[in-house]
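Residue-level structural notes
One-letter residues, chain by chain:
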Amino acid sequence: MTSQESAPNLTVQAEDPLEGLLLEDKSQFKTCSQIGFYRRQKLLHPDQSPYLAQLDTLKTENGIATLNIIHQRTKVPLQLQVIAVEGNIVRLKIKELSPLKPRYEVPDVLVKEPTTERFNILLQETETVVLEHPSGTSKVHINSQPFSIMVTQEDKALFGINSQGFLYFEHLRLPPEKRYKISG
């Protein structure tokens, strides 16, 4: 084909998979103010975390350091697990200490459970705990009030959790009709 010749005129028709799915009636959708989780999340203010780490509950067993966290207003206790994983990896998990029912955990996320190692407790005071990864280069700094975690490597901050006080863990609740007993 020379530069003077034009390419054949092709017409491609494709069906729009979203056609017909757009609804004009927006009343069928909830607004943010109608969603309880959103309303509760909006109550948080910077640097005013409602969580308190109960550092006196710190236990280390089978390579896992656990301690309790409590929401100071609702008094719902949570459990923090800090896990030293082989390869200088730190894994953190937060779950309810006494849930109404077990939370769903996605199966097969990991091919196998990672090999854990034992943390060394470098510092344990009333307001701060410092755990050292067995490799010696990573540390986990846990502050009691406000609850926050900072992971450092060779004394440089890698990441923080709740450093601005916006952590919000939605605990399981009874459905509204079972929450309040209606007398009549």
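Above this text is the structure in question.
Let me begin by describing the structure that accompanies this report. (Residues numbered from 1 in each chain as written. Predicted model: local features only at pLDDT ≥ 70, side-chain atom pairs only at ≥ 80, totals over all residues. Heavy atoms only, no water.)

To continue, consider the overall build of the chain. A tally of regular secondary structure across the chain gives two helices and ten strands. Helices and strands in the chain line up, N terminus first, as α-β-β-β-β-β-β-β-β-β-β-α. Across the chain, contacts joining residues at least 24 apart in sequence account for 43% of those joining residues at least 6 apart. Accessible area for the chain stands at about 13900 Å²; split by element, carbon and sulfur atoms hold 52% of it. (Helix = DSSP H or I, 4+ residues; strand = E, 2+ residues; numbered from the N terminus. Contact = heavy atoms within 4.5 Å. Areas by Shrake-Rupley, 256 points an atom, 1.4 Å probe, with all protein chains shown as cover.)

Below, the discussion takes up the environment of I70. Tracing the backbone shows I70 in strand 2 (residues 64-71). Take I70: its relative accessible area is 17%, and that puts it in the buried class. Considering only alpha carbons, one finds I70 and Q54, 16 residues apart in sequence, at a separation of 7.4 Å. If sequence neighbours within four positions are ignored, I70 has contacts with P50, Y51, L52, Q54, K75, V76 and P77. (Buried < 20%, exposed > 50% of the residue type's maximum accessible area, 1.4 Å probe, protein only.)

Right, let's get into the environment of E127. Here E127 is to be found in the loop between strand 6 (120-124) and strand 7 (128-132). A relative accessible area of 41% means that E127 is categorised as partly exposed. As a C-alpha pair, E127 and L55 span 72 residues in sequence and 7.4 Å in three-dimensional space. Ignoring sequence-local partners within four residues, the contact set of E127 consists of L55, I142, N143, S144 and Q145.

Pairing of strand 8 (residues 138-143) with strand 9 (residues 148-153), which is carried by six bridges, proceeds in the antiparallel orientation. Looking at the pairing, I142 lines up with I149 of strand 9. Here strand 8 hands over to strand 9 after four residues, the two strands then running antiparallel side by side. As defined by bridge partners, strand 9 adjoins strand 10 (residues 156-161) across five bridges and the pair is classed as antiparallel. In the strand pairing of strand 10, I149 is matched with I161. As consecutive antiparallel partners, strand 9 and strand 10 are separated by two residues, and within that stretch E154 has a phi angle of approximately 50 degrees, a positive value. (Pairing = 2+ DSSP bridges.)

For side chains bearing opposite charge, pairing can occur when the charged atoms are close. Using the criterion set out here, one finds three salt bridges in the structure. Taking the shortest distance from any N to any O, the salt bridge between R91 and E113 comes out at 3.5 Å. Taken as a pair, R91 in strand 4 (residues 89-96) and E113 in the loop between strand 4 and strand 5 (116-117) lie far apart in primary sequence, 22 residues in all. Residue classification places R91 among the partly exposed residues on the basis of a relative accessible area of 25%. Across the salt bridge formed by K139 and D155, the nearest N and O atoms sit 3.9 Å from each other. (Salt bridge = Lys/Arg side-chain N within 4 Å of Asp/Glu carboxyl O.)

On to the sheet that holds strand 6. Strand pairing in a sheet is mediated by backbone hydrogen bonds. Such pairs are either parallel or antiparallel. Pairing within the open sheet is antiparallel, and its five strands lie in the order 6-7-8-9-10. Edge positions in the sheet fall to strand 6 and strand 10, since each has one partner strand and no second. Averaged over all pairs of adjacent strands, the angle between their axes in this sheet comes to 20 degrees, without regard to strand direction. With four bridges connecting them, strand 6 and strand 7 associate as antiparallel partners. Considered in strand 7, the bridge of L123 is made with V130. (Axes fitted to C-alpha atoms, helices over the stretch in contact; angles between N-to-C directions.)

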